[in-house]
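Take a look at the letters that make up each chain.
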Amino acid sequence: MKQQTVTEVEGKVREALPNTMFRIELTDGRLILATLRGKMRRSYVRIFPGDRVKVEMTPYDENRGRIVFKF
């Protein structure tokens, strides 16, 4: 099976939504919907509006992402 290519971009949390979903503004100005990575969810990492985060995105959906790191 082929390895998927993911891109990692930085952004800022604009809004916290229910079910650990977040509205993220990327450095290029786009707004995307992102959720927490499973490892971050299990270790109870808290994300608040205004936090800088690193988001992992697949080439299939440019409007969704996964938060993988909190700065």
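Residues numbered from 1 in each chain as written. Predicted model: local features only at pLDDT ≥ 70, side-chain atom pairs only at ≥ 80, totals over all residues. Heavy atoms only, no water.

Focus on the environment of Met57
Of note, Met57 is situated in strand β4 (residues 52-57). Sequence separation of Met57 and Phe22 is 35 residues, and the distance between their C-alpha atoms is 14 Å. Residue contacts for Met57: discarding those within four places in its chain leaves Thr5, Val6, Thr7, Val9, Leu26, Arg30, Ile32, Glu62, Arg64 and Gly65. (Helix = DSSP H or I, 4+ residues; strand = E, 2+ residues; numbered from the N terminus. Contact = heavy atoms within 4.5 Å.)

Structural notes on the sheet that holds strand β2 (residues 21-26)
Within a beta sheet, neighbouring strands are joined by backbone hydrogen bonds and run either parallel or antiparallel to one another. Strand order in this closed barrel of five strands is β1-β2-β3-β5-β4, and the pairing throughout is mixed. Here the strands of the sheet are splayed against their neighbours by 55° on average, with no regard to which way each runs. Sheet topology places strand β1 (residues 7-17) next to β2; six bridges connect them, and they run antiparallel. By the bridge assignment, Ala16 is partnered in β2 with Phe22. (Pairing = 2+ DSSP bridges. Axes fitted to C-alpha atoms, helices over the stretch in contact; angles between N-to-C directions.)

Section: the pattern of salt bridges
Tallying each qualifying case throughout the model produces seven salt bridges. Residue Lys70 pairs with Asp51 through a salt bridge whose shortest N-O separation is 3.5 Å. Residue Lys70 is found in strand β5 (residues 64-70), and its partner Asp51 is found in the loop between α1 (38-42) and β4; the two are separated by 19 residues along the sequence. A relative accessible area of 30% means that Lys70 is categorised as partly exposed. Of the charged contacts in the structure, one is a salt bridge between Glu56 and Arg66, with a shortest N-O distance of 2.4 Å. Of this pair, Glu56 sits in strand β4 while Arg66 sits in strand β5, and the two are ten residues apart along the sequence. Take Arg66: its relative accessible area is 36%, and that puts it in the partly exposed class. Overlapping salt bridges bring together Asp28, Arg30 and Glu62 as one network. (Salt bridge = Lys/Arg side-chain N within 4 Å of Asp/Glu carboxyl O. Buried < 20%, exposed > 50% of the residue type's maximum accessible area, 1.4 Å probe, protein only.)

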